[in-house]
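# Coordinate analysis (summary)
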Amino acid sequence: MSSPVARTGRHRQRYENNVRLVSGCIPYRIRKDASDTDHRIEVVMVSSPNRTDFVFPKGGWEDDETMFEAACREAMEEAGIKGILREEPLGVWHFRSKSKENLCSLEGGCKGFMFALEVTEELETWPERENRDRIWLNIDDAFKFCRYEWMREALEKFLIVMEDENKAERLEEMVEISSVSVSEVVADCQILTANCYIKPVKWAVQWNEFPDLIFLENSS
């Protein structure tokens, strides 16, 4: 299967007050076998051509696409990944392109919009595979590889978003559990099997294993 071709040139590049507009993402996946955030979440970084550092996929936002489409395209072209993009930006950062970062002028200025992208597919071949390596990193290692301060700030904002979502999911699970009464559980058990015999003592032992659940039920 042939690989898609990466876009080249800047004839469709968007600018704002002579500042190049860039769109990119922090691609991630959630590991089910880890509990702490630093190891439960892994992110993708890619190597820079002719350099030793790693960066998050990003590139020019062009005039025939939305910034969301640009971020997804860059993830596919540079890292060979596809996924679900969160439309709420992590933030907007100003930085200089690598080729102009040492110049004492406004030339090379970039305005970058960064998003979080949950990876659902990893391609075996991709447009920039010959020039870039794709690597999965835990959060601690990703911070070590961040060469620029704006990248570290984007990663910190990404972590805040992920932690807030995790808290929301746990709260939703607790609400769902607390909405099921003991009588409903017993009734469901009796419906599922006519041979289900409920011993009060046995149920007391089972419910005592979940003190938080009892607290939520009694508080209603």
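Before any of the text, the structure's been laid out above.
Here's what I pulled together on the structure shown here. (Residues numbered from 1 in each chain as written. Predicted model: local features only at pLDDT ≥ 70, side-chain atom pairs only at ≥ 80, totals over all residues. Heavy atoms only, no water.)

Our focus in this paragraph is the pairing of strand 2 (residues 19–30). Every other side chain in a regular strand lies on the same face of the sheet, so the side chains alternate between the two faces. Along strand 2, 9 of the 12 residues are buried, which leaves the element largely enclosed by surrounding structure. Bridge count for strand 1 (residues 15–16) against strand 2 is 2 bridges, and the pairing is antiparallel. What sits directly across from E16, in strand 2, is V19. Counting the residues between successive antiparallel strands, the hairpin from strand 1 to strand 2 contains 2 residues, one of them, N17, with a positive phi of roughly 55°. Direction of pairing for strand 2 relative to strand 8 (residues 109–122): parallel, over a ladder of 9 bridges. Of the residues in strand 8, the one forming a bridge with S23 is F113. Relative to strand 5 (residues 58–60), strand 2 is paired through 3 bridges, and the arrangement is antiparallel. Within strand 5, the position partnered with V22 by the bridge is G60. (Buried < 20%, exposed > 50% of the residue type's maximum accessible area, 1.4 Å probe, protein only. Helix = DSSP H or I, 4+ residues; strand = E, 2+ residues; numbered from the N terminus. Pairing = 2+ DSSP bridges.)

Okay, helix 2 (residues 67–79) next. Compared with the 18 Å implied by 1.5 Å per residue over 13 residues, the 18 Å span of helix 2 between its first and last C-alpha is a close match. Of all 13 residues making up helix 2, 10 are buried, and the element is well covered by its neighbours. Three or more residues of helix 2 are buried, namely M67, A70, A71, R73, E74, A75, M76, E77, E78 and A79. In this structure, the buried residues of helix 2 make contact with strand 2, strand 3 (41–47), strand 5, strand 6 (81–85), strand 8 and strand 9 (134–138). A positive phi of about 65° marks G80, the residue just after helix 2. (Expected span 1.5 Å × (residues − 1). Contact = heavy atoms within 4.5 Å.)

Our focus in this paragraph is the environment of E128. Structurally, E128 is set in the loop between strand 8 and strand 9. Residue classification places E128 among the buried positions, given a relative accessible area of 16%. Counting along the chain gives 51 residues from E128 to E77, while the straight-line C-alpha distance between them is 5.9 Å. In this view, E128 contacts A6, E77 and E78; residues no more than four positions away in its chain are not counted.

Locating Q13 in the fold gives a position in the segment before strand 1. Of note is the side chain of Q13, whose polar atom sits 2.9 Å from the side chain of R20. Within the structure, Q13 has its side chain in polar contact with the backbone oxygen of W61 (distance 3.4 Å). When residues no more than four places from it in sequence are discounted, the contact partners of Q13 are R20, L21, G60 and W61. (Polar contact = N/O pair within 3.5 Å; in protein donor to acceptor, adjacent residues only side chain to side chain.)

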